[in-house]
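The residues making up each chain are set out below.
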Amino acid sequence: MQALSSHPSNSPSYLFQTRLPAHRAAPTRCTVKCGYGFESAGFHSGFVSSKADWQSSCAILASKVVSQEQSSTDSNGGTADPVAAINGHKAAATDLNLVHIGNVEGSDSNKQLQPKPLTISDLSPAPMHGSQLRVAYQGVPGAYSEAAAGKAYPKCEAIPCDQFEVAFQAVQLWIADRAVLPVENSLGGSIHRNYDLLLRHQLHIVGEVQLPVHHCLLALPGVRKEYLNRVISHPQALAQCEHSLTKLGLNVAREAVDDTAGAAEFIATNNQRDTAAIASARAAELYGLQVLADGIQDDPSNVTRFVMLAREPIIPRTDRPFKTSIVFAHDKGTSVLFKVLSAFAFRNISLTKIESRPYRSRPIRVVDDAVGTAKHFEYMFYVDFEASMAEVRAQNALAEVQEFTSFLRVLGSYPMDMTPWSPSSSSCPMGD
Ligand SMILES: O=C(O)C(=O)C[C@]1(C(=O)O)C=C[C@@H](O)C=C1
């Protein structure tokens, strides 16, 4: 058993304590148990084994997050707007993780600015398997994010957090070493909240894992499908099972809750006989529910991609496939998008993902011309591409992108998840 208060003195656990809501604060003081099945192989190692264990040993990280969106200053006394803050300090590019490389390919003066070639001593240490890592995830035990944390760091101590933002803060405040958070799903699409949070925090993406997501319909023992008045789950899970629910004849109310396993726990704790949850088979086990239908995701190849976040970036390498994630914006809106994308196309660098999000500090640009006044929406663009920042072609592409953009940040350059593809085993709802 390991108490967070025993963490090195640079861990400001007192800050964390002040954020706990009254009913979750003392006496457990965020003690997290990690002994169950710790030695065994596989990603369940280090996880609590039952609801009782979980309840007696583990306080969930609290959700009293100071809303950075509403406050005008951040904890360091700076501006709360991350984009403005980052742009406002553009000179300190290394601190702020801005790209800091030469602008023009091949010019002598810029060759000096190019990063030095990497040597073997620059390479990151052998990958950790997580045996001493505390990994924050959003949800309660039985959530898919917990499984993703276990896939990313097989022997980690998984730390449940009740919001995505709490998981970011847990790493930033040294309560956790890593966070594992979902960013996109093959059926439900992007998890926008995490894209926004990536920009608001100074954490680095150090890896990715893709997790096949196999949903079950869970209810209290003895409950039949016909008794149900509502289905509750995480909004992504509801979206991933929309057609299957209809096929099962469940044209009942659907309600969104914070996470899938939390939905299962809610039904068990509150003896909700008219309610079913969409969650994992492991959640059924943990919370004592029966599986009414198995494999209810609308497509057997339902996969969620998670990113691993850390306080420090990893040193990019070229000895295995890497992906790099960036975010950029431009004062003149979308007009540069073609130029930016061509910087990658000309170098044969494939993009794996592009996402746009509102540019929160400047959501609208007003353009006056002879015909009238137009209002354009402003965006931040998130792009993932298949190359390592250790490759000259990636460095050159970003040097070019930097010329076209007013803001550019590298979120991380990290090994791609190359685990063999195995879709969820069962896809046919069984019903009862
Ligand atoms: O609710 C959970 O179990 C989660 O881990 C969250 C989450 C998500 O945010 O997408 C993760 C994987 C599935 O796509 C459904 C839900």
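What comes next concerns the included structure. Note that this is a predicted model, so its numbers are computed, not measured.

**Let's talk about the overall build of the chain**
Next, step 1: Tallying secondary structure elements over the chain gives 14 helices and 19 strands in all.
Next, step 2: A burial count over the chain gives 53% of its 432 residues as buried.
Next, step 3: Long-range pairs, those at least 24 residues apart, make up 79% of the contacts in the chain with a sequence separation of at least 6.
Next, step 4: Accessible surface computed for the chain: about 19700 Å², of which carbon and sulfur atoms make up 55%.

**Regarding empty space enclosed by the protein**
Next, step 1: Using the criterion set out here, one finds four cavities of 30 Å³ or more in the structure.
Next, step 2: Roughly 210 Å³ of internal volume is contained in the largest cavity.
Next, step 3: Taken together, 18 residues line the largest cavity, and the ones lying closest to its centre are Tyr144, Ser145, Pro182, His234 and Gln236.
Next, step 4: Elements with a contribution of two residues or more to the lining of the largest cavity: helix H6 (144-152), strand E5 (178-185), helix H9 (235-240) and strand E13 (303-310).
Next, step 5: Across the lining of the largest cavity, the residue classes break down as eight nonpolar, nine polar and one charged.

**Some points on the packing of aromatic side chains**
Next, step 1: Counted according to the given criterion, the structure contains four aromatic pairs.
Next, step 2: Three or more aromatic residues joined by ring pairs make a cluster, and in this case those are Phe328, Tyr379 and Phe381.
Next, step 3: Positioned over the ring face of Trp174 is Arg311, at 3.7 Å from the centre of the ring.

**Section: the pattern of salt bridges**
Next, step 1: One pass over the full model with this rule turns up 16 salt bridges.
Next, step 2: Residues Glu184 and Lys353 are paired through a salt bridge, measuring 3.5 Å at the closest nitrogen-oxygen approach. Taken together, the residues Glu184 in strand E5 and Lys353 in strand E15 (residues 351-358) connect sequence positions 169 residues apart.
Next, step 3: Here Glu208 and Lys323 are joined by a salt bridge, their closest N and O atoms 2.9 Å apart.

**Considering the side chain of Lys225**
Next, step 1: Positionally, Lys225 belongs in the loop between strand E8 (216-219) and strand E9 (230-233).
Next, step 2: Here Lys225 falls in the buried class, since its relative accessible area comes to 17%.
Next, step 3: A polar side-chain atom of Lys225 sits 3.5 Å from the main-chain carbonyl oxygen of Leu248.

**A look at the packing of helix H13 (residues 337-345) against helix H14 (residues 392-404)**
Next, step 1: The geometry of H13 relative to H14 is characterised by a closest axis approach of 9 Å and an angle of 170° between their N-to-C directions. Comparing their axes, H14 and H13 come out roughly antiparallel. When H13 is examined against H14, the residues Lys339, Val340, Ala343 and Phe344 are found in contact with a partner set consisting of Ala397, Leu398, Glu400, Val401 and Phe404.
Next, step 2: The class makeup of the residues in the contact of H13 with H14 is seven nonpolar, no polar and two charged.

**Focus on the sheet that holds E8**
Next, step 1: If you walk across this open sheet you meet the five strands as E10-E9-E11-E8-E12, and the pairing is mixed. Looking along the sheet, the strands with just one partner apiece sit at the ends: strand E10 (253-256) and strand E12 (290-294). Here the average twist between neighbouring strands, direction ignored, is 30°.
Next, step 2: Of the strand pairs in this sheet, E9 and strand E11 (residues 275-279) are connected by three bridges, and their pairing is parallel. Each bridged residue has a counterpart across the sheet, and for Ile232 the counterpart in E11 is Ala277.

What counts as what
Residues numbered from 1 in each chain as written. Predicted model: local features only at pLDDT ≥ 70, side-chain atom pairs only at ≥ 80, totals over all residues. Heavy atoms only, no water. Helix = DSSP H or I, 4+ residues; strand = E, 2+ residues; numbered from the N terminus. Buried < 20%, exposed > 50% of the residue type's maximum accessible area, 1.4 Å probe, protein only. Contact = heavy atoms within 4.5 Å. Areas by Shrake-Rupley, 256 points an atom, 1.4 Å probe, with all protein chains shown as cover. 1 Å grid on protein atoms, 1.4 Å probe; cavity = no way out; pocket = protein on both sides within 12 Å on 5 of 7 lines; lining within 4 Å. Points joined across faces, edges and corners; volume = space filled by probe spheres on them. Nonpolar A, V, L, I, M, F, W, Y, C, P; charged D, E, K, R; others polar. Phe/Tyr/Trp six-rings, centres within 6.5 Å; stacked < 30°, edge-to-face > 60°. Lys NZ or Arg CZ within 6 Å of the ring centre and 35° of its normal. Salt bridge = Lys/Arg side-chain N within 4 Å of Asp/Glu carboxyl O. Polar contact = N/O pair within 3.5 Å; in protein donor to acceptor, adjacent residues only side chain to side chain. Axes fitted to C-alpha atoms, helices over the stretch in contact; angles between N-to-C directions. Parallel < 35°, antiparallel > 145°, perpendicular 65-115°, else oblique. Pairing = 2+ DSSP bridges.

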